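# Architecture at a glance
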Amino acid sequence: MSIPDDRRYLPSHEWHLVDDNGVCTIGITQFAADELTDITFVDLPEVGTAVTAGESFGEIESVKATSDLIAGVSGDIVEINEELAGDPSIVNSDPHEAGWMIRVKTNGDESDKLLDHREYLNQTGAG
Amino acid sequence: MLQTPLHGWHVDQGAKMVGFAGWSMPVSYGSVIDEHNACRSEGAIFDVSHMGRLRFSGPDAGRFLETVFTRPVTNLDDGQSRYGFITNEHGGIKDDVIVGRERDDYPVVVNASNRAKLLEHFETVKTTRGLNVKIDDRTAKTAMLALQGPAVIEKFADILPIDLDLRSLKRFRFETVSYMLMKFTVSRTGYTGEDGVEVTLPAKASALAMRGLSGPLKEWLRPAGLAARDTLRIEAAMPLYGHELDEDTDPITAGLGWACDLKQGFIGADALRASEPTHKIVGLELDGKRIARQGNPILANGNPIGTVTSGTMSPTLGRSIAMAKLELAHTEPGTVVAAAFKSGEVPATVVGLPFYKRA
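Below is a short write-up of the structure.

Quick look at the overall build of chain B now. In terms of regular secondary structure, chain B is built from 9 helices and 20 strands. Radius of gyration (C-alpha) of chain B: 21 Å, near the 21 Å computed for a compact globule of 359 residues. Counting only C-alpha atoms, chain B reaches 65 × 50 × 40 Å along its principal axes. Partitioning the contacts of chain B with sequence separation of at least 6, the portion at a separation of at least 24 is 64%. As presented, chain B carries roughly 15,100 Å² of accessible surface, and 51% of it is formed by carbon and sulfur atoms. Each charge class in chain B can be summarised by its mean position, and for the 41 positive and 43 negative side chains these summaries are 3 Å apart.

With that settled, the discussion passes to the interface of chain A and chain B. Taken together, the contacts link 18 residues of chain A with 18 residues of chain B. It is A:Asp38, A:Val63 and A:Lys64 in chain A that bury the most area against chain B; as a group they hold 36% of the surface buried on that side. In this assembly, chain A and chain B are joined by 5 salt bridges. With a closest N to O distance of 3.1 Å, B:Arg290 and A:Glu61 form a salt bridge. Our count for the contact surface shared by chain A and chain B stands at 15 residue pairs in polar contact (both at pLDDT 80 or more). Taken together, the elements giving at least two residues each to the side of chain A that touches chain B come down to helix H1 (30–36), strand S4 (39–43), strand S6 (56–62), strand S7 (66–70) and helix H2 (83–86) of chain A. Along the lines of polarity and charge, the residues of the side of chain A that touches chain B split into 5 nonpolar, 5 polar and 8 charged.

On to the sheet that holds strand S2 (residues 16–20) of chain B, then. All names here are of chain B. Strand order in the open sheet formed by 3 strands is S1-S3-S2, with mixed pairing between adjacent strands. Each edge of the open sheet carries a strand with a single partner, namely strand S1 (2–3) and S2. Direction of pairing for S1 relative to strand S3 (residues 23–28): parallel, over a ladder of 2 bridges. Bridged to Leu 2 within S3 is Trp 23. Each of S2 and S3 touches helix H8 (residues 226–235); the most contacted strand, S3, lies at about 65° to it.

Rules used throughout
Residues numbered from 1 in each chain as written. Chains lettered and ligands numbered in written order. Predicted model: local features only at pLDDT ≥ 70, side-chain atom pairs only at ≥ 80, totals over all residues. Heavy atoms only, no water. Helix = DSSP H or I, 4+ residues; strand = E, 2+ residues; numbered from the N terminus. Rg over C-alpha atoms; globule rule 2.2 N^0.38 Å. Contact = heavy atoms within 4.5 Å. Areas by Shrake-Rupley, 256 points an atom, 1.4 Å probe, with all protein chains shown as cover. Lys, Arg positive; Asp, Glu negative; His and termini not counted. Charge placed at Lys NZ, Arg CZ, Asp CG, Glu CD. Buried area = accessible area lost by both parts, 1.4 Å probe. Salt bridge = Lys/Arg side-chain N within 4 Å of Asp/Glu carboxyl O. Polar contact = N/O pair within 3.5 Å; in protein donor to acceptor, adjacent residues only side chain to side chain. Nonpolar A, V, L, I, M, F, W, Y, C, P; charged D, E, K, R; others polar. Pairing = 2+ DSSP bridges. Axes fitted to C-alpha atoms, helices over the stretch in contact; angles between N-to-C directions.

These figures come from the coordinates and say nothing about function on their own.
Right, dumping it as structure tokens:
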């Protein structure tokens, strides 16, 4: 399992990648996708919805369980991954790229408060 | 955390291990759906060694069991077994169990999560009623493997190294056979909606058994974990303790009144005779892809009428299915209700159970 080192993480396994315009893309890690196994549904809010750091912005369902999706940054959703409605298994097959979930225009980037690559690996035991 | 004799084997197979009823158990070896489909199409093997295996003997063993168990046992044939309940004074379910008869002994399989509670209950009943019965907890000394799937009986019969005519073994029958100085019990019970067998063997023989199965494991028998076991049993509408069954639910509400002989004076029989159930466990099919989980409220016209006990995306049917305990007025098949989620309601239709029945 490879966890990319270009982004930040929450202990609840969401990754955050902020671009130069302060837009943060959020998804879940390979570790989380593997734990959930076959993902059957991703419940995402609409574009324009405000998200708050530390709070749930949606839910992800697998055959095994339903889990909250937590945001590590605050702001407004500017884009959601429409592909996931048709094929949620993309999150299993490519969680760090094609399986992204939402893009948030942040109110000032707070992502540096999140876990870095090493801290996240230590937490998952993969480091 | 307790480990089954197959713990090392699970780890070698790449299983994800989780805590379940005090045991470290495989939840999946990769894809739950692949494991589920293997069981429906050919064969899957489950380690069910965590389930409690008790053995009752002594002059009052039969009388004792007919005091704590909802069905007769003294009229069982040698090698026959019966599904039923251990109930409390109120008729609530302490556990669902399978009682067998082997000459004058009674082997009983109980749920892992209830074993300690039942042993305490049994000791109390034995003492207060002054019954001469010996209760032997054989859980740690033995292992139990369940092989389930449409190919199991035919293919397992071919490789079984013991003298047993598996094809003619009837449902709810078992046979004990000796092999290399050890005793093995093969029963035909099943809990996935598929045909299959359970093999109980000495703990020390389980490594040997897995070596014997290593060929079929590659060819037609797939290891499957707790998660697939759950999706399979929901499709077959088999109740699971802690979900459909608990001490506040009686067997009639659970739709399992057939497994109670009310003429027998078991603990809880009086309460069951007098009871007028207000709820019933039904099947639901949800619109769309959301999965209702245990605890999700079910609504009719916005009012709560019950709760989901189990739910999954059915790999066989490709639909979101659930079992729920609903007020009687809303349990007719075809009734449209709603499953409540944090983000809104999803329409659901009451359907007959089971969701899946093998051809």
